[in-house]
Structure formats: structure tokens, C-alpha cells
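# Summary of structural features
Residues per chain are reported as follows:
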Amino acid sequence: MSLVSEEFPDEVPLRAEEITIPADVTPERVPTHIVDYSEAEQSDEQLYQEISKANVICIVYSVNNKKSIEKVTSHWIPLINDRTDKDSRLPLILVGNKSDLVEHSSMETILPIMNQYSEIETCVECSAKNLKNISELFYYAQKAVLHPTGPLYCPEEKEMKPSCIKALTRIFKISDLDNDGILNDNELNFFQRTCFNMPLAPQALEDVKNVVRRNMTDGVKGNGLTLKGFLFLHTLFIQRGRHETTWTVLRRFGYDDDLELTQEYLFPLLKIPPECTTELNHNAYLFLQSVFDKHDKDRDCALSPDELKDLFKVFPYMPWGPDVNTTVCTNEQGWITYQGYLSQWTLTTYLDMQRCLEYLGYLGYSIIHEQESQAAAITVTRNKRIDLQKKQTQRNVFRCNVLGARGSGKSGFLQAFLGRNLAKQKRIRDDHKSYYAISTTYVYGQEKYLLLHEVLPDFEFLSETDLACDIVCLVYDISNPHSFEYCAKAYKKYFIDSKTPCMFIAAKSDLHEVRQQYGLSPLDFCRRHKLHPPQLFTCNTADAPSKDLYNKLTTMAMYPIDPKSLLLSWTCTICDLCVGVCVCVRSHTKLRCRCTCNRCNLCLCQNLLNCELLRSIRAILYSGVLISHMTQADLKNSTFWLRASVGATVFAVLGFAMYKALLKQR
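None of these values were measured; they are calculated from a predicted model.

## Some words on the environment of Y285
In this structure, Y285 sits in helix α12 (residues 282–295). For Y285, a relative accessible area of 18% gives the class buried. Non-local contacts of Y285, meaning those with residues more than four positions away in its chain, are made with L280, L342, T346 and Y449.

Dropping the structure here:
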């Protein structure tokens, strides 16, 4: 009542009415509801209900009444603890009222009680009669809720709790942008600006470091703040009652009151429409590159096990298992290279966007790049159907599902993509095997990611995930007479009416080829279904297997062509592959060669322009242009119509002959 009226009432009621303090008159800018309790007017049941709804409880005692002080420990604290959940600690404020009636302080009696009960945040002595410390009392009550001491500090040990140290250590490592173990002036200013929206003046920085120097020997190193010095500063803030400083830092880096990263921080909302995929954008790759660079201490463009472990120290667990080393490119020592590192992040983004957001949250992407959340690192691609309609795409990641019978060479096909020949593949442990492989390929000079997924050979039960891809590889063993049958049946059951491009891979081509026990040979099967002829493949090579075949797969995935829509075809002189017509890309104004070898400069249009048939047709058309300039009198002449009829007939015959010649060539 003294807080609201700012004067002591002549008559004090047994219980005050509920009071609400508006947010705009409080330092923390939050509304506060004050509920009074009186033993004389209210029942225990009403008290229990109010305790269950409270965020903080003020226990009021009289500083001039010894029995009132004793009742704090004998009655009130046990009663409150019995009615609250042990896991959700309720902060308590001890309030010594009527300080105007005594000349001494009760703090000597209260301090042992505060040390005994960790839930007691602080003790305030006040006087309702002369308004001493009344507003301060409710400020500390708000502070106890918003900036509690309990999760941060242990009064008995006089040091921060392990969970607080762990959180602040992660914050230090994220802020240490060059990973040299100290926060230099630039990094300290970036940290200050990130958390408090203002940098520190040069003199203020020196004052902070001098405070650390005076209290510990290894807190400052090379004019920078070490981890020990950083932790000491926060211990000092807490001991001096400035909990809000530490809490501001913790909450800026995503922590809640239990010092756990919040779900809102780790998993920001990001909607993915159907038939769309997720990729990292340019800023995300720049961020991941900076993370790689600061942990690649020996500058060998690869992360050793120790360097990788140091990178993931900001994670609560090790996110990458040993299977990652068989999913991406590694160096001769088996360490993940820079390309492999980016490939694994690309894979995670494509397959599990939520996990990617979580990982970027641990690394502090939104803080370092000053974004609202790590969702800003993700690009949601356009619907695949629209890409097919427009015959162009902006996507950078393409998925290829690899199907085949057991022992057909699917795993070897995946590992060969990562540059591993058969000898290196034999050294891979079974428990380290991965069903994915991802690396970069090139399509018309553009770098793209190709993601290979080995589908388990369960012919009867292929899931939607097994079927959802940009291109299908059907692998069979040319030395096994029953291997092709699985691929042929899978194609006819799942892909014959699909618009997904398919390619047959004749694996183990270094072995003797046997006749396949199927109605059609692989080549005849592909011809009947207007597919590319089977591509020979082997990983039994002295050097790293060639990537040409994978470039073809990426090209086909990027520019899919329905074989049923092909009218004409020709054979590339370089890759010896029938690649189909030149497809009109936009408004019939630009023709682009679709040859999958990426090196063929011979377009069907160029071949036709240089052929003898077309030169004859060109001459006839030229004659037609000359005829168009004849006079009206000449047009009425019957010989003109005779010549026009003969010309049209010749044009039709030549066109049909050209069509038959091209079919015969195919």
C-alpha cells in the first residue's frame, strides 16, 4: 500500500487488495502483480493456490520480533518447498520490515539462513512507514524472476555452477573468431555490440583487462582476454549483484532459465512446400568456410580428428560419426577435406533441414552473421514441376537413387564417386559403411552437387523416399547372368511411366561379360524403352576412377528429357551416346545441346545446317523468295502454280528422306 500511495496509511487492513504495477513504470519493462496473504482472513488452501501461481515469493518478517524471524525457517520456507516442484525452483526474497523501529540490522541473523537455503535470492530491510527501500524491494523481486542467481552461482562454493561455465565457454569459443584462445579488442567489441548494442571505448577495454590482471595471472594474454579471464569477469558480475549482465549474454546466445538452448533458437520456423528442396545459400557457405578456416590450424585443407573435435566443442554431442568419412571426400590420411566438409553440410541441409538448423545454431550462425535466426541460411528451391515446365532450374543439389541387386556393385559405384578405387574400398570397415555419397560435379562449367543414395535391394517395397529423386541409376553386374533382371523389373514396375530420367550402369566392366538371363539384352532393353545405352563402369583402376559418368548423371538430372517425346536423335562423337534432339529452351529462340558428355560441340542444328539435304532445301526456299517478288500479272500465269506445286512436292520428298536417314542413323 505504501508503494502505491507513497504514504503510510492511518489504518492498515489485515490484507491488501491485489495490485498491478504497469510495465512502463518498472526498470525491467514487465508488468508485476502483487498478491497479499493474511493468515487471519484466508485459509491454507487459498495460500497453496497462490503459491502455485507465483513466480517469486516475498517472506516478510519484523526486524524487531525474534519469533517472526524464526518462523521464516520453521514454517514458511518448509511450507513453500513442500508445495513447489523440486525441479522448478521458486525464488524467495526475505523482507525485514519495520526497520524504522530499531537501530541495528538483522542481517547477521539472516545471513546464515541465506547460506542454508539456496532458493533465497536476497534480503532487503525496509520500512513501510517512512517508505525506505519499498520500490527497491519489488525491483529485486522482479530481478529474482528475470535474472535468478540459482542457475548461475553456488553461494556455498563461491563459484559459478558447471552448467553456467559450460554455457559461457561455448559463448567464448563462438566469439573467438580466429580461434587463438583469446578475445582481442576487435572480438571483445564485437561481443559487446552483439550483446549490449554498443561497443566499449578503448579506455573501458583497458579498465576491464586491468581488473582481470589484478585478480589472476593468466586472465589476460597478449593483451587479450583468455577463457579464465572471461569466466572470472562473469563471476565478479554475479558476486556484485549484476546478474542481469550475465543473463543478457546467455539469452542473446539462445539460453533459457535452465541454461539450455531454447527450441525457438535451435529450430526456427521454416516452411517447406511439397516438391521443394532445401539448400544452403551463399552466406551460409561463407560462414561454414570461416569456421573451417579457423579450425584448420595446419592449413592442409583437411580437418584432423583433433581439429574436428575442437570444431564441435560448441555442440552438446559429436554430430558426425565415422560413416561421414565414407560419405564425403577425404585425403590420403582419411581426414575430411574442405570439399568433403562442405559436401556433408550440403547433404545434411538436403536430407534433414531441421538438423542443419540445429547445427548452425550451435555454431552461432545467427549471432556471427547478425541474422534473426539461422533460417536465413537456408534457400528453399522452386517446385520441381515448375522447373520441368520451364526446362531450367536454379537448384544446385541433385539426388540420384542407385538401385540394383545384391552384389551388383552399388557400394563401389558410390565410393568411386569420392575418388576411391577398389583397393581403397576394401579398407573400409563394415560398421563405417554409408549409404550416401556426395561430391561436386560440373555441368556446362557450373559446379553442382550430386547426392548418390544406395537403395536397399527390396524390390517389392520401395518407399516414396526411394522413388523421389532427380535421376535413377540401375546398376547390374555384367559378370552375373541374373543381375540385370532385377534392374529391368524395377524399371518396368516403378519408372516406365515416370518422368524421372533413368540410366543403366554396366558395373564391373573389367570382368568377363556374360549373357544376361532375361528376355532382352541390356542394350535391346534400353533401345526398346528409348533409354541411353548401358554405361560401362569399373572401380578396379590404378588411379581414382573417372568422374565423367557422374557428370553425365548430373546433366541428365539437371535437364531431364522425356524419351517418349523425342522426335529425332543423333550420336555424340565424343561420348558415343545417343542424346536426343536439341531442346528449345525459351520461346523457340535459343537451342541448347543436351549432350551429357559436356564436351560435345556438335549440335543437331549445326549438323543439319551443314548437310547436303538442307542445302538443297535452302536453294528451293531461296527460289520461293525470288518468286514472291514477281508481278501480279506473272502470278496469274498458270506456269507459276505448276512450279509452286512441283517445289512443294520436292520439299516434302526431301523432308521425308531426311527423316528416314536420321532414323536409320539412330
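## Some details on helix α8 (residues 202–215)
The end-to-end C-alpha separation of α8 is 21 Å, in line with the 20 Å expected for 14 residues at 1.5 Å each. Those residues of α8 not exposed but buried are L205, K209 and V212. The buried residues of α8 occupy an angular sector of 55° when projected down its axis, which confines them to one face. Of the exposed residues in α8, those oriented more than 90 degrees away from the buried face are Q203, R214 and N215. As for α8, its buried residues are in contact with α7 (185–196), β9 (220–221), β10 (224–226) and α9 (227–239).

## Here's the deal with the nonpolar core
Grouped together as the largest cluster of nonpolar side chains are 71 residues, with contacts concentrated most on Y341 and W345. Residues within four places of Y341 in sequence aside, it is in contact with L288, V291, F292, L303, L311, W320 and I336. Formed by 28 residues, the second largest nonpolar core is a distinct cluster that contains I471, V475, L553 and M558.

## Observations concerning the pattern of salt bridges
Per the stated rule, a full pass over the model turns up 18 salt bridges. For D477, the salt bridge is made with K508, and the minimal N-O distance between the two is 3.5 Å. Of this pair, D477 sits in strand β18 (residues 471–477) while K508 sits in the loop between β19 (502–507) and α22 (522–528), placing them 31 residues apart in sequence. We classify D477 as buried; its relative accessible area is 6%. Connected through shared salt-bridge partners, K173, D310 and K313 make up one network.

## Considering the packing of α8 against α9
The geometry of α8 relative to α9 is characterised by a closest axis approach of 10 Å and an angle of 95° between their N-to-C directions. Considering the angle they form, α8 stands roughly perpendicular to α9. From α8, V208, V211, V212 and N215 reach across to α9, where they touch G229, F232, L233 and L236. The residue inventory of the contact of α8 with α9, partitioned by class, reads six nonpolar, two polar and no charged.

## Observations regarding the sheet that holds β18
The strands making up a sheet are joined through hydrogen bonds of the backbone, oriented either antiparallel or parallel. Taken together, six strands build an open sheet; the order of strands is β16-β17-β15-β18-β19-β20 and the sheet is mixed. Two strands lie at the open edges of the sheet, namely β16 (436–443) and β20 (535–536), each paired on one side alone. When β18 meets β19, the two strands line up parallel, connected through six bridges. Bridging from a neighbouring strand, C473 pairs with M503 of β19. Against the sheet, helix α14 (residues 338–351) contacts β15 (397–404), β16 and β17 (446–454), and its axis sits at roughly 105° relative to β16.

## What about α9?
Over its 13 residues, α9 runs 18 Å from end to end, which matches the ideal 18 Å to within 8%, given 1.5 Å per residue. Counting buried residues along α9, ten of its 13 residues qualify, which places the element largely inside the surrounding structure. For α9, every residue scored as buried is listed here: G229, F230, L231, F232, L233, H234, T235, L236, F237 and I238.

## Points about the sheet that holds strand β3 (residues 57–62)
Here three strands make up an open sheet; going across it, the order is β3-β4-β5 and the pairing parallel. Looking at strand neighbours, the two that pair on one side only are β3 and β5 (120–125), the edges of this open sheet. The sheet shows a mean angle of 20° between the axes of neighbouring strands, direction not considered. Pairing between β3 and strand β4 (residues 92–97): six bridges, direction parallel. When the sheet's bridge partners are listed, I57 is paired in β4 with L92. Packing of helix α5 (residues 134–146) onto the sheet brings it into contact with β3, β4 and β5, and relative to β4 it is tilted by some 170°.

## Here's the deal with the UniProt feature "domain: EF-hand" (unreviewed entry) in the protein
According to UniProt, the feature "domain: EF-hand" (unreviewed entry) maps to residues 283–318 in the numbering used here. Helix makes up 56% of residues 283–318 and strand 6%, and the two end C-alpha atoms of the span are 24 Å apart.

## Considering the side chain of Q425
As for its placement among the helices and strands, Q425 is situated in helix α19 (residues 422–425). Ignoring sequence-local partners within four residues, the contact set of Q425 consists of S411, G412, Q415, A416, R420 and C539.

## Structural notes on the packing of α14 against helix α15 (residues 353–363)
Contact geometry for α14 and α15: axes closest at 5 Å, N-to-C directions at 130°. When the axis of α14 is compared with that of α15, the two are oblique. Residues W345, T348, T349 and L351 of α14 form the contact with α15, whose own contacting residues are M353, R355, C356, Y359, L360 and L363. Its residues placed into classes, the contact of α14 with α15 shows seven nonpolar, two polar and one charged.

## Here we look at the confidence of the model for the protein
With 83% of its residues at a pLDDT of 70 or more, the protein shows a mean pLDDT of 83. Segment residues 596–610: pLDDT under 50, and 41 contacts once partners within four positions in sequence are set aside and those in other chains are kept.

## A short note on the packing of aromatic side chains
Scanning the entire structure with this criterion turns up 30 aromatic pairs. Considering the side-chain rings of F484 and Y518, the 5.8 Å spacing of their centres and the 75° angle between planes classify their relative orientation as edge-to-face. Highlighted residues: F484 in helix α21 (residues 483–495) and Y518 in the loop between β19 and α22, separated in sequence by 34 residues. Exposure remark for F484: the relative accessible area of 0% places this residue in the buried category. Of the aromatic side chains, those joined through ring pairs into one cluster are F292, F312, F315, Y317, W320, Y338, Y341, W345, Y359 and Y362.

## Things to note about the state of the cysteines
One pass over the structure, following the stated rule, counts zero disulfides. Free of any disulfide, C502 has its nearest neighbouring cysteine sulfur in C469, separated by 7.7 Å.

About the cut-offs
- Residues numbered from 1 in each chain as written.
- Predicted model: local features only at pLDDT ≥ 70, side-chain atom pairs only at ≥ 80, totals over all residues.
- Heavy atoms only, no water.
- Helix = DSSP H or I, 4+ residues; strand = E, 2+ residues; numbered from the N terminus.
- Buried < 20%, exposed > 50% of the residue type's maximum accessible area, 1.4 Å probe, protein only.
- Contact = heavy atoms within 4.5 Å.
- Expected span 1.5 Å × (residues − 1).
- Arc of directions from axis to C-beta.
- Core = buried A, V, L, I, M, F, W, Y, C linked by side-chain atoms within 4.5 Å.
- Salt bridge = Lys/Arg side-chain N within 4 Å of Asp/Glu carboxyl O.
- Axes fitted to C-alpha atoms, helices over the stretch in contact; angles between N-to-C directions.
- Parallel < 35°, antiparallel > 145°, perpendicular 65-115°, else oblique.
- Nonpolar A, V, L, I, M, F, W, Y, C, P; charged D, E, K, R; others polar.
- Pairing = 2+ DSSP bridges.
- UniProt positions renumbered as here; feature names shortened; annotations may be inferred.
- pLDDT = per-residue confidence, 0-100.
- Phe/Tyr/Trp six-rings, centres within 6.5 Å; stacked < 30°, edge-to-face > 60°.
- Disulfide = S-S within 2.5 Å.

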